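Read off the chains here:
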Amino acid sequence: MSKAKRLRNYVNGAWRAPEDATYLEVINPATAEVLAEVPLSPSAEVGKAVQAAQTAFDGWQRVPAEDRIQHLFKLKYLLDEHMDELSRIITEENGKTFGESKGEMKRAIENVEMACGIPSLMQGDFSEDIASGIDEVMIRQPVGVAAIIAPFNFPGMIPFWFLPYAVATGNTCIVKPSERTPLTMQRVMDLVEEAGFPKGVINLVNGAADTVNALLDHPDVKAVSFVGSTPVARHVYARASANGKRVQAQGGAKNATIVMPDADMEMTVRILADSAFGNAGQRCLATALVVTVGEARETFTQAIREAAASRKVGYGLEEGVQMGPVITPQSKERIVGLIEQGIAEGANPLLDGREANVPGHEAGNFLNPTILDNVQPGSAIFQTEIFGPVLGLMHADTLDEAIGIVNSGNYGNMACIFTSSGAAARKFRYEAQAGNIGINIGVAAPMAFFPFSGWRDSFFGTLHAQGKHAVEFYTQTKVVVERWFKEWTRQF
Ligand code: NAD
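Quick look at the structure, then. (Residues numbered from 1 in each chain as written. Predicted model: local features only at pLDDT ≥ 70, side-chain atom pairs only at ≥ 80, totals over all residues. Heavy atoms only, no water.)

A few points about the packing of aromatic side chains
Stage number 1. Taken as a whole and assessed by the stated rule, the structure comprises 8 aromatic pairs.
Stage number 2. Their ring planes at 50° and their centres at 5.7 Å tell us that Phe449 and Phe450 sit as a pair that is tilted.
Stage number 3. Ring pairs connect the aromatic residues Trp161, Phe162 and Phe452, which therefore count as one cluster.
Stage number 4. The ring of Tyr77 carries Lys76 above its face, with NZ or CZ at 5.5 Å from the centroid.
Stage number 5. Looking at Lys96, its charged tip hangs above the ring of Phe154, at a distance of 3.7 Å from the centre. (Phe/Tyr/Trp six-rings, centres within 6.5 Å; stacked < 30°, edge-to-face > 60°. Lys NZ or Arg CZ within 6 Å of the ring centre and 35° of its normal.)

Written out as structure tokens, the structure is:
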């Protein structure tokens, strides 16, 4: 048996070792070191967490919003204070560089800041005299217990797309982090405790598919927020909504970017190299395909090859490293298989990153950047989310043709254009079938006060993560129509 530390769940304000759980090793993807063992909690443990959250709900929803957010202000300062420590944990369990981890935590904190505005964000509406002597009021009330289910690629940020809004609006919640990267939330729960949230308001349950399904089936879970791959997002959306819950399920992506001949090529190449290879391509807003238009084919292709080839791959905690490993050996194998498939389908390996050698870290899941030129429209590699450091190139003669290619994919998470033409940019913004649009931007990640707007196979639901969408998702509207008689005359 491994000697690694066994992680616990955080339920009703206390740490508990789940009963009858099996354990999975949590492995540093750069060093292969076993960092901990994570419990796969059975449904009885989920039941305990839901019961704690349900019990806490009645008291928490009655706490004035102004008082609820005092805990969030405190949490914000604690997260700031522990930024380096949390970022280090993210790099150790996920593999991204320390700088990328800090960027992630900054985005998490922005959501806490946004949710501190809940007293005004959840205000209702009031109309006086909708008929003579009758007024109508709309108020927002919390829905109850919310489940927050996160993927491995942003272990610090993604739970915060939901958690601050859920609790600020008066709900209680259960966070279920990815079983591959559970350490960041483990530490965050210490800070939650320090921030003084009443027991049962924020709970943590570790596990994988069975644990998620227990949350989706539990009658006292009223709202489910999910982020992960499209097949699982589809499953979560179908199962939770069949069980009568409100659901927001964000899925995978295959983001395409158009490069026009009039783009500032030096900036474009630099920005797109970061977009494609940052986080080792394990980002739902990574550029996975570039479609060049006209002469951009020549200028862009050569320059992106050079930028990709010069990227320093290594352990994210070491100085100067620009790209870390992918999450697991299985993931590496899958990516290598997809590169092979792309070549078999007719793409040309302009840069082949399948063999990566990082001295001192031979056991890590490293790949170098790969560029596949001439990806064929309609090929499997064109439609498949690779989720690794692999950029596909395609070429079009006109902007219309390029937009047609962008819109022929199944996903709709992000689409970008690089150009100096306002007319081209406007046409693209109008016609692109994606919910997050970048214009001379490589990772069009919405700030906390905007919704994270995936479309098509990248999203199942109506209201997205973050901002006002989150406030609406975690509240139900109640409309009151009221009239008061003058008792002594029975007249208005
Ligand atoms: P994943 O779908 O494998 O896992 C996500 C969560 O679902 C985890 O908590 C996991 O335990 C759980 N899960 C896995 N299989 C399940 C099953 N069969 N039934 C129920 N629950 C299950 O995703 P991942 O590999 O952790 O993350 C990468 C994916 O997430 C990529 O597809 C990426 O594009 C996507 N992603 C999307 C966004 C977005 O905002 N759209 C953001 C980040 C990541």
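Observations regarding the sheet that holds strand β6 (residues 134-142)
Stage number 1. The sheet built from 3 strands is open, its strands ordered β5-β6-β22 with antiparallel pairing. A single partner strand is all that each edge strand has here, and the edge strands are β5 (125-131) and β22 (475-483). Pairwise comparison of adjacent strand axes, ignoring direction, gives a mean angle of 25° for this sheet. (Pairing = 2+ DSSP bridges. Helix = DSSP H or I, 4+ residues; strand = E, 2+ residues; numbered from the N terminus. Axes fitted to C-alpha atoms, helices over the stretch in contact; angles between N-to-C directions.)

Examining the nonpolar core
Stage number 1. If you look at the biggest cluster of nonpolar residues, it comprises 120 residues, and the most contacted ones within it are Leu72, Leu79, Phe197 and Ile258.
Stage number 2. Here this core spans two domains, since at least three of its residues come from each of domain 1 (9-251 + 458-479) and domain 2 (255-439).
Stage number 3. Apart from the residues lying within four places of it in its own chain, the contact partners of Leu79 are Leu86, Met105, Ile109, Val112, Phe160, Val188 and Leu191.
Stage number 4. Counting 24 residues, the second-largest nonpolar core is a separate cluster that includes Ala49, Ile174, Val224 and Phe226. (Core = buried A, V, L, I, M, F, W, Y, C linked by side-chain atoms within 4.5 Å. Buried < 20%, exposed > 50% of the residue type's maximum accessible area, 1.4 Å probe, protein only. Domains from an automatic or database assignment. Contact = heavy atoms within 4.5 Å.)

Quick word on helix α9 (residues 230-242)
Stage number 1. Taking 1.5 Å per residue, 13 residues should reach 18 Å; α9 reaches 18 Å between its end C-alpha atoms and fits that length.
Stage number 2. Every buried residue of α9 is listed here: Thr230, Ala233, Val236 and Ala240. All buried residues of α9 project into a common sector of 120° when viewed along the axis, lining one side. In α9, those exposed residues whose orientation departs by more than 90 degrees from the buried face are Pro231 and Ala242.
Stage number 3. Its buried side turned inward, α9 meets α8 (209-217), β10 (221-227), β11 (246-250), β17 (411-412) and β21 (459-460).
Stage number 4. Gly244 lies just past α9 and shows a positive phi near 85°. (Expected span 1.5 Å × (residues − 1). Arc of directions from axis to C-beta.)

Coordinates in, geometry out; function isn't part of it.
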